[in-house]
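Reading the structure
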Amino acid sequence: MAVGSRDFYDALGVSRDASADEIRTAYRRLARQNHPDVNKDPAAAERFKEISEAYEVLRDDEKRRAYDRYGENWKAAAAGGAPRGGASPGGGFEGFDGGFSGFSTSAVDEGDLGDIFESLFGGGRGPSRTGGRRRRGTADGFSLRGGDHEATIDLTLEEAFRGGSRKFQLSDGRDYDVTIPPGVRDGQRIRLAGEGGAGAGGGPSGDLLLRVHLLRHPRFRLTGRDVEVDLPVSPWEAALGATVPVALLDGGTARVKVKGGSSSGTRLRLKGEGWPDGDGRRGDLHAIVKIMVPKKLSRHERKLFHELAEASKFDPRAQT
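Because the structure is predicted, anything quoted here is derived from the model rather than measured. (Residues numbered from 1 in each chain as written. Predicted model: local features only at pLDDT ≥ 70, side-chain atom pairs only at ≥ 80, totals over all residues. Heavy atoms only, no water.)

**Regarding the sheet that holds strand E6 (residues 220–223)**
Backbone hydrogen bonds hold the strands of a sheet together, and the pairing may be parallel or antiparallel. The line we're drawing: Should DSSP find at least two bridges between two strands, the strands are regarded as paired. In this description a helix means any DSSP run of H or I spanning at least four residues, a strand means any run of E spanning at least two, and both kinds are numbered starting from the N terminus. The convention used is that axes are lines fitted to C-alpha atoms, helices contributing only their stretch in contact, and that angles between N-to-C directions extend from 0 to 180 degrees.
An order of E6-E7-E11-E10 is seen for the four strands of this open sheet, with the pairing classed as mixed. Of all the strands in the sheet, just E6 and strand E10 (267–270) have a single pairing partner and so form its edges. Each strand axis lies, on average, 30 degrees off the axis of its neighbour in the sheet, ignoring direction. Examined bridge by bridge, E6 and strand E7 (residues 226–233) share four bridges and lie antiparallel to one another. Within E7, the position partnered with Phe-220 by the bridge is Val-229.

**Comments concerning the sheet that holds strand E5 (residues 208–214)**
Taken together, three strands build an open sheet; the order of strands is E1-E5-E4 and the sheet is mixed. Since the sheet does not close on itself, it has two edges, and those belong to strand E1 (149–155) and strand E4 (189–192), each with one partner. Across this sheet, the average inter-strand angle for adjacent strands is 30 degrees, counted without regard to direction. Where E1 meets E5, seven bridges bridge the pair, whose relative direction is parallel. Bridged to Thr-152 within E5 is Arg-211.

**Regarding the nonpolar core**
Note the cut-off: Among buried residues, those of type Ala, Val, Leu, Ile, Met, Phe, Trp, Tyr and Cys that are joined through side-chain atoms within 4.5 Å constitute a nonpolar core. Burial classes follow relative accessibility: with a 1.4 Å probe on protein chains only, a residue under 20% of its type's maximum area counts as buried, one over 50% as exposed, and anything between as partly exposed. Here a residue-residue contact requires only that any non-hydrogen atoms of the pair lie within 4.5 Å.
The biggest cluster of nonpolar side chains holds 38 residues, and the ones touching the most others in it are Ile-153, Leu-155, Phe-168, Val-178, Leu-210, Leu-231 and Val-246. When neighbours within four sequence positions are excluded, Phe-168 is seen to be in contact with Ala-151, Thr-152, Ile-153, Arg-174, Asp-175, Tyr-176, Val-178 and Leu-210. Listed in part, the 20 residues of the second largest apolar core include Ala-26, Phe-48, Val-57 and Leu-58.

**Quick word on the packing of helix H2 (residues 20–34) against helix H3 (residues 44–58)**
To be explicit about the condition: Each angle receives one of four descriptions, namely roughly parallel if under 35 degrees, roughly antiparallel if over 145, roughly perpendicular if within 65 to 115, and oblique otherwise. By convention the crossing between two helices is left-handed if the near helix lies anticlockwise of the far one by an angle smaller than a right angle, and right-handed if it lies clockwise. Ten residue types, Ala, Val, Leu, Ile, Met, Phe, Trp, Tyr, Cys and Pro, are classed as nonpolar, four, Asp, Glu, Lys and Arg, as charged, and the remainder, Gly among them, as polar.
Between H2 and H3, the shortest axis-to-axis distance is 9 Å and the interhelical angle comes to 165 degrees. Our classification of the angle between H2 and H3 gives roughly antiparallel. Here H2 and H3 pass one another in a crossing that is left-handed. On H3, the residues touching Ile-23, Arg-24, Tyr-27, Leu-30, Ala-31 and Asn-34 of H2 are Ala-44, Ala-45, Arg-47, Phe-48, Ile-51, Ser-52, Tyr-55 and Leu-58. Grouping the constituent residues of the contact of H2 with H3 by class yields 10 nonpolar, two polar and two charged.

**Quick notes on a nonpolar patch on the surface**
Where we set the bar: Patches here are clusters of residues that have more than 30% relative accessible area and form no salt bridge, with a 9 Å joining cutoff for like charges and a 5 Å cutoff for nonpolar side chains (Val, Leu, Ile, Met, Phe, Trp, Tyr). All accessibility values rest on the Shrake-Rupley procedure with a 1.4 Å probe; residue burial counts only the protein chains present in the view. Definition used for salt bridges: Asp or Glu carboxyl oxygen within 4 Å of a side-chain nitrogen of Lys or Arg.
A surface patch of nonpolar side chains, about 450 Å² in accessible area, is lined by Trp-236, Leu-240, Phe-305 and Leu-308. Those elements that provide at least two residues to the nonpolar patch are helix H8 (235–240) and helix H9 (299–311). As for its position among the elements, Phe-305 is in helix H9.

Below you can see the structure in the form of structure tokens.
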């Protein structure tokens, strides 16, 4: 759609009797949505020009009166020529430029476009080339921060637990030394300042955001700030009780006491051996009893199990 081919009121989505404030509010909302630095739709730049031209006319009382009277021929009337369709320009429109032949952002109210850039890009205005003042409403004098880039970094539970430095390579071959904060969680982002998209007009580069993906562990499971781990025990350890070792995420071991008569699923808590929260505190480790039966029995072991089966009145299916 060519600029100027659509009714200006329709372009801004306002009625023909809209107030100046309503027109200004509609323009600012649409300009934020369609600014080509924010909206990457190829048609956004054309829409931005269209709504900006509409606002440039409707915000000015004289130009708006000319547009209301002559419609799309308002420019010819403003220049002093007779508009198409036989209507005359009336008393003339000396107070604005009759040579308008297109739209540029310099035609829009400086405060409006400057404020839009302020809200979109955080006020990154560079110095003006004239007298140290910052120009608003034109590309000249604006510095824009580069966009943030995002990638995924895979971490084992052990790497995320202890933190530290590790190498990371993007798909384009760029290498980084990444500092992993201890206790980083799945889905969290690690920010590498200044490693994103390049800025414009001398503006700073964006950041590279590494989204953490914690890899599944064969033994440990993370639930909130607590860590769960299976604790394999033999049938006689579960029945008679025993003190057995349990693995920790830091690579060490601790010893826990399994009470006699423990069944699979019994939870043994080790306070303070869970996940760090970044403030020096840690959750708990829960060792979950898992009774393991030998796949192969010696002749003697088989005999003993037979004797146990004959002597015991225990029925696990009768337990509640």
